[in-house]
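Here are the chains, one letter per residue:
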Amino acid sequence: MELGPYLLFASLEGLVHAAVLSLIALGLSLVFGVMRIVNVAHGEFFMLGAIITWWVSSFVSGNPAIGFLLALLVVPIIVGMTAVLSDWLILRHLKYDPEATIIATIGILYIIQQFALMTFGPDAKPVEQPFNIRLDLYWFGFSAYKFFVIFSAIILLLAIWLVMSKTKFGLILRATQLDSETAQAFGIPISRVYNIVFGLGAAIAAVGAVLIVPIQQAHYLMGGEPLLLAFIVVIIGGLGSLKGTVAAAILIGMSDGIISVFFSPNIAKILATLLVVVVLIIKPNGLFGTTKT
Amino acid sequence: MRKDIILHLSALLFLFLLEILGIFSEYHQGNFARILVLAAYGVGYNILFGYTGLLSLGHALFFSAGLYASGLSIYHLDYNIEQSLFLAICISALISLIIGFLALRTIGVSFMIVTLMFSQIAYLSILYFGSITRGDEGFVIQQSSRVFLSMDLSNPKIRYYSALLIFSLCMLINLWIAKSPFGRVLVAIRENSDRALMLGYNVKLYKLFSIIISGTISGLAGACYGILFGYVGASFAAVSYSIFPLLWVLIGGAGTVLGPLIGAIFMFYLIDYASDITDAYMIIVGVALLFVTLFARRGIIGELRFRYYKWIS
Amino acid sequence: MDILNDELLYTENLSKNFQGITAVDKVNFKINKNEIRALIGPNGAGKTTFVSLLCGRIRASKGKVFFNGSDISNLPVYKRISSGIGYTFQITAIFSNLTVYENVALSIKNRRDKEKRSIIFEVLNKVGLLDRVSQRSGDLSYGHQRLLELAMGMAQRPKLLILDEPTQGLSDLEIENFKKLIKDFSKTMTVLLIEHNMDVVMSIADKITVLHFGKIISEGDKHSIQSDPLVQKAYLGDQC
Ligand SMILES: Nc1ncnc2c1ncn2[C@@H]1O[C@H](COP(=O)(O)OP(=O)(O)OP(=O)(O)O)[C@@H](O)[C@H]1O
Ligand SMILES: [Mg+2]
């Protein structure tokens, strides 16, 4: 293949990654924005989504599309409920103290991951694509399903944007994000909101997992890398900003895809991580705010 | 003051007696040698986290800096043990200085994330430069290189004493810091850094010193781990090796001298036991992390100090 | 010549902007040695911000601070403190897990142990906390915690001691005691006191500065301040 088409191919692959990444990052950003906590277990909620998708699809025989649609319906709910439960059982008791919350979410990370290892096993397992159509793009063929992934992510992002900007629920979230104490004074039930947001953040990541599994296979260690990338996206895109997150996800997803294709995946991650460090060091208080002592 | 020093010295004496009286089985002797070196790493971590109040999520960077500095210099450059240890100390001090200088521009959550990211960069670099580091697979330091003052460090007995020596050294440094005016200022910074600043302390400089001491001790522990147990691999640079010392310190008691040792013994045997039952033994780490954050914030020694023995350092 | 020698600290056009708000607006302020100066003004007038600029806790947007004859505008906090400025926070800020003794000890630097101990006992004796010397400071009553802060400020032996609303939340009895202490302090140091309690201000301040919307609107002894219509308006305006 010549360079031009090759670049196009790499960009398309990058776009698929960017689409899923923006969903994962958005979940992380939502949780941080509203609750002011860093959820280190976020990647594991994504992984949980992936293995449950495998489960659902292996449970449903026949047309893979049925299993896929079923997964799209139930997986976000199961994963969301898991997150709600962990907030209710654990985080709420820590009063969302930043340090304790990080430590606790690391704990949750290991528990979910190792639980997956126990039940799902150590091997990567594939999920069949709901439809298997290849589009001929003149220089190379490209799976139609990958376009579907991009398309679905866009739809979901638009839906989230609508909810955030046009509904009363969105208003409540924005008010809480701005100033939780005042919001509480105006009768917003903060702890319920936190509970829901934590579940929602995980559920959004789970949708990303359902979409990616037919391309990428499910594995119990698959949560680490998207967590790292989502951190990078959220930090570069600015916390709580939907547009910034999507823009940064496209930037990071694409360059990760392209650099990985042309050089090595590790170099791509090293560069992206360096970028974050630089951003954080230049803007020390900009992103996570100053924690009060 | 007196009681305190006696307590810590007798803990060391006890560890010495365990060996000299031959109480250990071979299995536990090996385990304890490992635990002692890891506890030295925990002591290093504790100086930054427990005393200065800075939560790093990237200490595996310092541990592996020492590990690889000594390991690679023995493996590729035929350094002897003294030279490689010296190199490891210098390199980990230098890296702590640089990382500290950069990371201390941030505070709170950003500090945790930045340290995590730095250590990720180190981990990925070790994988990337696989032709030198042998990547994931790692490399073995031959027995013939592991000789110090004509003693064979792979001999279990000598290995145990060496590990105890390293741990004692780090622990005594820790004790001395805890008792010194410098240590008091670190604690003041942990308790209320704004106030410490307004009392006229150069808080940033103190934090930087704390990172350098912490990172160098961690690096020394890493170097000794490679030398005593003969293996160097990328897994020691992975995130879990940043979480372990945090966990040991939390379990044993942050800001206590004996805490890291108690925590390391506890976790080592818990994981050892769990790994006999299941491959998913790391679940223990998760449960333990939740347990300490939810129910035992002070840790074992910390709780003892809070309730009964106020004099424990 | 004499007047020049007498001034301990002065500012030139000192200003601070937070996004959009000018919290301190071109303030020219002067305080003389051994004076007790009260800084008053309605809530949000910029008092805390102003003194934070003096000790460097917040960086000024514009303007200069001179202390003891030299320009300290670009010095970091710790250098300003060691050159002789002491500061206590508006909110209680002690090291609550450390003992009373350790708290005071932390505020004394560069002295030999023996000397240090005698200073600690002296200041604790003065504020009346000597019998609590080895108690965990977090276990002290609120009034005692504020006294401890005072003791810490005193133990620093600063040339200028800045106190941000030290009597907030104290009982009448405690306030009387506090007034005596400040009078006593001013024999050896200059005191800049932010205070809402007018009784305290009127009975101990030599001179009063009124800040409103970040500007000095009036300055003088208690009689001139009490009769200044601008001051009355600022306070009344605050109440509506
Ligand atoms: N860090 C900050 N960021 C933005 N605005 C600030 C900040 N600190 C203070 N302000 C604003 O500057 C103004 C002055 O605040 P300051 O705390 O100095 O007032 P004050 O006179 O000490 O009030 P009080 O009597 O309530 O203590 C206020 O409008 C406040 O909201
Ligand atoms: Mg104020």
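Residues numbered from 1 in each chain as written. Chains lettered and ligands numbered in written order. Predicted model: local features only at pLDDT ≥ 70, side-chain atom pairs only at ≥ 80, totals over all residues. Heavy atoms only, no water.

**Quick notes on the overall build of chain A**
Then, number 1: A tally of regular secondary structure across chain A gives eleven helices and two strands.
Then, number 2: Listing the helices and strands of chain A from first to last along the sequence gives α-α-α-α-β-β-α-α-α-α-α-α-α.
Then, number 3: At 19 Å, chain A has a C-alpha radius of gyration in line with the 19 Å of a compact globule built from 293 residues.
Then, number 4: Seen through its C-alpha atoms, chain A measures out along the principal axes to roughly 60 × 45 × 40 Å.
Then, number 5: Looking at chain A as a whole, 54% of its 293 residues are labelled buried.
Then, number 6: Roughly 13000 Å² of accessible area belongs to chain A as shown, and the carbon and sulfur atoms make up 69% of that amount. (Helix = DSSP H or I, 4+ residues; strand = E, 2+ residues; numbered from the N terminus. Rg over C-alpha atoms; globule rule 2.2 N^0.38 Å. Buried < 20%, exposed > 50% of the residue type's maximum accessible area, 1.4 Å probe, protein only. Areas by Shrake-Rupley, 256 points an atom, 1.4 Å probe, with all protein chains shown as cover.)

**Describing the overall build of chain C**
Then, number 1: On a plain count of helices and strands, chain C comes out with ten helices and eleven strands.
Then, number 2: Compactness check: chain C gives a C-alpha radius of gyration of 18 Å against a globular reference of 18 Å for 240 residues, within 12% of the reference.
Then, number 3: By residue count, 50% of the 240 residues in chain C fall in the buried class.
Then, number 4: Total accessible area on chain C is roughly 11300 Å²; 50% of this is exposed by carbon and sulfur atoms.

**Some words on the site of ligand 1**
Residues and elements named next belong to chain C.
Then, number 1: The environment of ligand 1 is made up of Phe18, Ala23, Asn43, Gly44, Ala45, Gly46, Lys47, Thr48, Thr49, Gln90, Glu165 and His196.
Then, number 2: A distance of 2.9 Å separates an oxygen atom of ligand 1 from a polar atom in the backbone of Gly44.
Then, number 3: The fraction of the free accessible surface of ligand 1 (630 Å²) that becomes covered by protein chains is 63%.
Then, number 4: No other element matches helix H2 (residues 47-55), which puts three residues into the shell around ligand 1. (Near = heavy atom within 4 Å. Polar contact = N/O pair within 3.5 Å; in protein donor to acceptor, adjacent residues only side chain to side chain.)

**Focus: helix H9 (residues 224-237) of chain A**
All names here are of chain A.
Then, number 1: Between its terminal C-alpha atoms H9 stretches 20 Å, which fits the 20 Å expected from 14 residues at 1.5 Å a residue.
Then, number 2: Extensive coverage of H9 is indicated by the burial of eleven of its 14 residues.
Then, number 3: Looking only at H9, the buried set comprises Pro226, Leu227, Leu228, Leu229, Ala230, Phe231, Ile232, Val233, Val234, Ile235 and Gly237.
Then, number 4: A positive phi of about 90 degrees marks Gly238, the residue just after H9. (Expected span 1.5 Å × (residues − 1).)

**So, the interface of chain C and chain B**
Then, number 1: With 22 residues of chain C at the interface, the matching set in chain B holds 15 residues.
Then, number 2: Interface area lost by chain C to chain B is led by Tyr78, Phe95 and Leu106 of chain C, which between them contribute 34%.
Then, number 3: Inspection of the region where chain C meets chain B yields two salt bridges.
Then, number 4: A salt bridge links Glu102 of chain C to Arg184 of chain B, with the nearest nitrogen and oxygen atoms 2.3 Å apart.
Then, number 5: Summed over the shared surface of chain C and chain B, the result is nine residue pairs in polar contact (both at pLDDT 80 or more).
Then, number 6: Looking at the side of chain C that touches chain B, the elements that each hand over two or more residues are helix H3 (77-82), strand E7 (85-88), helix H4 (100-106) and helix H6 (142-155) of chain C.
Then, number 7: A total of three residues in the side of chain C that touches chain B trace back to one element, the largest contributor, which is H3 of chain C. (Contact = heavy atoms within 4.5 Å. Buried area = accessible area lost by both parts, 1.4 Å probe. Salt bridge = Lys/Arg side-chain N within 4 Å of Asp/Glu carboxyl O.)

**Focus on the interface of chain A and chain B**
Then, number 1: Residue-level contacts link 39 residues of chain A with 43 residues of chain B.
Then, number 2: Carbon and sulfur atoms supply 81% of the area that chain A and chain B bury against each other, a total of about 3600 Å² over both sides.
Then, number 3: Of all residues in chain A, Ile103, Tyr110 and Ile281 of chain A bury the most surface against chain B, accounting for 18% of the area lost on that side.
Then, number 4: Between chain A and chain B we count zero salt bridges in total.
Then, number 5: Applying the counting rule to chain A against chain B returns two residue pairs in polar contact (both at pLDDT 80 or more).
Then, number 6: Looking at the side of chain A that touches chain B, the elements that each hand over two or more residues are helix H4 (98-120), H9 and helix H11 (265-282) of chain A.
Then, number 7: In terms of residue count, the dominant contributor to the side of chain A that touches chain B is H4 of chain A (15 residues).
Then, number 8: For the side of chain A that touches chain B, a count of residues per class yields 28 nonpolar, nine polar and two charged. (Nonpolar A, V, L, I, M, F, W, Y, C, P; charged D, E, K, R; others polar.)

**Observations concerning helix H7 (residues 172-185) of chain C**
Every α-helical turn comprises 3.6 residues, leaving residues that sit three or four positions apart pointing alike.
All names here are of chain C.
Then, number 1: Helix length check: H7 (14 residues) gives 20 Å between terminal C-alpha atoms against 20 Å at 1.5 Å per residue, within 8%.
Then, number 2: Within the span of H7, buried status applies to Ile175, Phe178, Lys179, Leu181, Ile182 and Phe185. Seen end-on, H7 carries its buried residues on one side only, within an arc spanning 165 degrees. Along H7, exposed side chains directed more than 90 degrees from the buried face belong to Leu173 and Lys180.
Then, number 3: Each element contacted by the buried residues of H7 is listed here: strand E4 (36-40), helix H5 (113-127), H6, strand E8 (160-164), strand E9 (190-194) and helix H8 (198-204). (Arc of directions from axis to C-beta.)

**Quick word on the pairing of E8 of chain C**
Residue and element names in this part refer to chain C.
Then, number 1: For E8, a buried count of five out of five residues is recorded, marking the element as mostly surrounded by other parts of the structure.
Then, number 2: Residues Leu160, Ile162 and Asp164 of E8 are buried on one face, and the alternating residues Leu161 and Leu163, pointing to the opposite face, are buried as well.
Then, number 3: Relative to E8, E7 is paired through four bridges, and the arrangement is parallel. Looking at E8, one finds that Gly86 is bridged to Leu161. (Pairing = 2+ DSSP bridges.)

**Quick notes on the packing of aromatic side chains**
The relation between two aromatic rings is expressed through the spacing of the ring centres and the mutual angle of the planes.
Then, number 1: Within this structure, the stated rule accounts for 36 aromatic pairs over all chains.
Then, number 2: Within the aromatic cluster, the residues linked to one another by ring pairs are Tyr41, Phe63, Tyr225, Phe229, Tyr231, Phe236, Tyr241, Phe244 and Trp248 of chain B.
Then, number 3: The lysine or arginine in question, Lys125 of chain A, covers the ring of Phe120 of chain A, its NZ or CZ lying 4.4 Å from the ring centre. (Phe/Tyr/Trp six-rings, centres within 6.5 Å; stacked < 30°, edge-to-face > 60°. Lys NZ or Arg CZ within 6 Å of the ring centre and 35° of its normal.)

**Some points on the side chain of Thr101 of chain A**
Residues and elements named next belong to chain A.
Then, number 1: Relative to the helices and strands, Thr101 resides in helix H4.
Then, number 2: Overall, the relative accessible area of 1% leaves Thr101 in the buried class.
Then, number 3: In terms of polar contacts, Thr101 uses its side chain to reach the backbone carbonyl oxygen of Asp97, at 2.5 Å.
Then, number 4: Excluding residues that lie within four positions of it along the chain, Thr101 makes contacts with Ile37, Leu91, Leu94 and Tyr96.

**A look at the arrangement of the chains**
Then, number 1: Contact analysis covers two pairs of chains in contact, and the most contacts occur between chains A and B.
Then, number 2: In this structure chain A stays clear of chain C, and the shortest span between their C-alpha atoms is 10 Å.

**Quick notes on the pairing of strand E2 (residues 21-27) of chain C**
All names here are of chain C.
Then, number 1: Bridge count for strand E1 (residues 7-18) against E2 is four bridges, and the pairing is antiparallel. Bridge pairing links Asn17 to Thr22 in E2.
Then, number 2: Adjacent in sequence and paired antiparallel, E1 and E2 are bridged by two residues, among which Gly20 carries a positive phi angle near 90 degrees.

**Regarding the domain arrangement of chain C**
Residue and element names in this part refer to chain C.
Then, number 1: In terms of domains, chain C is made up of domain 1 (1-84 + 159-240) and domain 2 (93-157).
Then, number 2: Of note, the centres of domain 1 and domain 2, computed from C-alpha atoms alone, are 25 Å apart.
Then, number 3: With 17 residues of domain 1 at the contact, the number on the domain 2 side is eleven residues.
Then, number 4: Taken over both partners, the interface formed by domain 1 and domain 2 buries close to 1100 Å², and the fraction arising from carbon and sulfur atoms is 67%.
Then, number 5: Looking at the side of domain 1 facing domain 2, the largest losses of area belong to Leu181, Phe185 and Met189, adding up to 33% of the total buried there.
Then, number 6: Our enumeration of links across domain 1 and domain 2 arrives at one salt bridge.
Then, number 7: A salt bridge links Lys126 to Asp184; the shortest N-O distance between them is 3.8 Å.
Then, number 8: For the interface between domain 1 and domain 2, the tally reads one residue pair in polar contact (both at pLDDT 80 or more).
Then, number 9: Breaking the side of domain 1 that touches domain 2 down by element, the ones donating at least two residues are E8 and H7. (Domains from an automatic or database assignment.)

**Here we look at the nonpolar core**
Taken as a class, soluble globular proteins show a tendency for nonpolar side chains to be buried jointly.
Then, number 1: In this structure, Met35 of chain A together with Leu15, Leu57, Phe167 and Val285 of chain B are the most contacted members of the largest nonpolar core, which totals 249 residues.
Then, number 2: Taken domain by domain, this core gets at least three of its residues from each of domain 1 (1-84 + 159-240) and domain 2 (93-157) of chain C.
Then, number 3: If we skip the residues at most four places from it in the chain, Val285 of chain B touches Tyr110 of chain A together with Phe244, Leu247, Met267 and Ile271 of chain B.
Then, number 4: Leu9, Leu39, Val77 and Ile81 of chain C belong to the second largest nonpolar core, which has 29 residues in total. (Core = buried A, V, L, I, M, F, W, Y, C linked by side-chain atoms within 4.5 Å.)

**Description of the sheet that holds E9 of chain C**
Residues and elements named next belong to chain C.
Then, number 1: In spatial order, the strands read E7-E8-E9-E4-E10-E11; together these six strands make up an open sheet with mixed pairing. Each of the sheet's edge strands pairs with one partner strand only, and the pair in question is E7 and strand E11 (215-220). Within the sheet, the average angular offset between the axes of one strand and its neighbour, ignoring direction, is 15 degrees.
Then, number 2: Bridging between E8 and E9 involves five bridges; their strand directions are parallel. Residue pairing for E9: Leu160 is matched across the bridge by Thr190.
Then, number 3: Across the face of the sheet, H2 comes into contact with E4, E7, E8, E9 and strand E10 (207-212) while running at roughly 145 degrees to E7. (Axes fitted to C-alpha atoms, helices over the stretch in contact; angles between N-to-C directions.)

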